[in-house]
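# What the coordinates show
Here are the chains, one letter per residue:
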Amino acid sequence: MITVHHLENSRSQRVLWLLEELGLDYKIKLYKRDPVTMLGPGSLKKIHPLGKSPVVVDDGRVIAESGAIIEYLVGRYDKDKLIPPADSDARLAYTYWLHYAEGSLMPVLLLKLVFDRLASPPMPLLMRPAAALIAMGVKGKFVAPRLKDQLDFCEQSLAETGWFAGDDFTAADIQMSFPMEAVAARGAAGDRANIAAFVERIHARPAYAKALERGGPYDYAD
Ligand SMILES: N[C@@H](CCC(=O)N[C@@H](CS)C(=O)NCC(=O)O)C(=O)O
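What counts and what doesn't
Residues numbered from 1 in each chain as written. Predicted model: local features only at pLDDT ≥ 70, side-chain atom pairs only at ≥ 80, totals over all residues. Axes fitted to C-alpha atoms, helices over the stretch in contact; angles between N-to-C directions. Helix = DSSP H or I, 4+ residues; strand = E, 2+ residues; numbered from the N terminus. Parallel < 35°, antiparallel > 145°, perpendicular 65-115°, else oblique. Contact = placed C-beta atoms within 7 Å. Nonpolar A, V, L, I, M, F, W, Y, C, P; charged D, E, K, R; others polar. Domains from an automatic or database assignment.

## Some thoughts on the packing of helix α2 (residues 66-77) against helix α3 (residues 89-117)
Taken N-terminus to C-terminus, the directions of α2 and α3 make an angle of 160°; their axes are 9 Å apart at the nearest point. Relative to α3, the element α2 is oriented roughly antiparallel. Where α2 approaches α3, its residues Ser 66, Gly 67, Ile 70 and Glu 71 are matched on the opposing element by Leu 98, His 99 and Glu 102. Taken together, the residues that form the contact of α2 with α3 break down as 2 nonpolar, 3 polar and 2 charged.

## So, the domain arrangement of the protein
When the domains of the protein are assigned, the result is domain 1 (2-83 + 212-219) and domain 2 (89-205). Inter-centroid distance (C-alpha atoms) of domain 1 to domain 2 is 21 Å. Across the boundary between the two partners, domain 1 contributes 12 residues, which contact 11 residues of domain 2. No other element matches the 5 residues that α2 contributes to the side of domain 1 that touches domain 2. A breakdown of the residues in the side of domain 1 that touches domain 2 according to their chemical character gives 6 nonpolar, 2 polar and 4 charged.

Structure below.
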């Protein structure tokens, strides 16, 4: 039986969704976030040294990192449903987006999140004006132009079929769901209609709804 070490309200939701799309049996070990820091509990480190979620355990194997988990599950349990044929252009796009989500887009989104919050507690009151100035500078000069390039690229890539890798929905769309949901929910998508339509389309999938029932409240589901 596959076990998903699932941190509430987090990107591990997409692993539950993949398992529902594949119709696999699985169990969830749920972890709560610290209500103040929002970090995961130390007990996650007993499963994997980095203490992050998702982590999947299957047949005694411990697999961390969303992209690696998706590759593992699709490779082992799904030969053709959510992955384009080998050697096709769609397969190359599939591999690209599977890596791009966490390798290129999430780091920029994380920087935005950190600098959006830099001038808030726990930053000491006296230092907040200076922190706000620094944050404004970094966001304006470094983060915003990079985020714009990336979101324009995502928007353009969805234009033809509405999916990231070829004509059909694939596991690469599941991997891209978290950053797309994050930008839509935080209002960072602007007027990019293809991104908004992508998020609506994935939210309408029955397997997505089933995963939500199992995984618990998830801020980006609306
Ligand atoms: N690139 C990793 C990121 C893992 C990650 O940062 N997970 C977050 C959940 S959204 C986490 O565990 N946060 C809790 C913490 O940092 O304490 C992946 O995609 O699996």
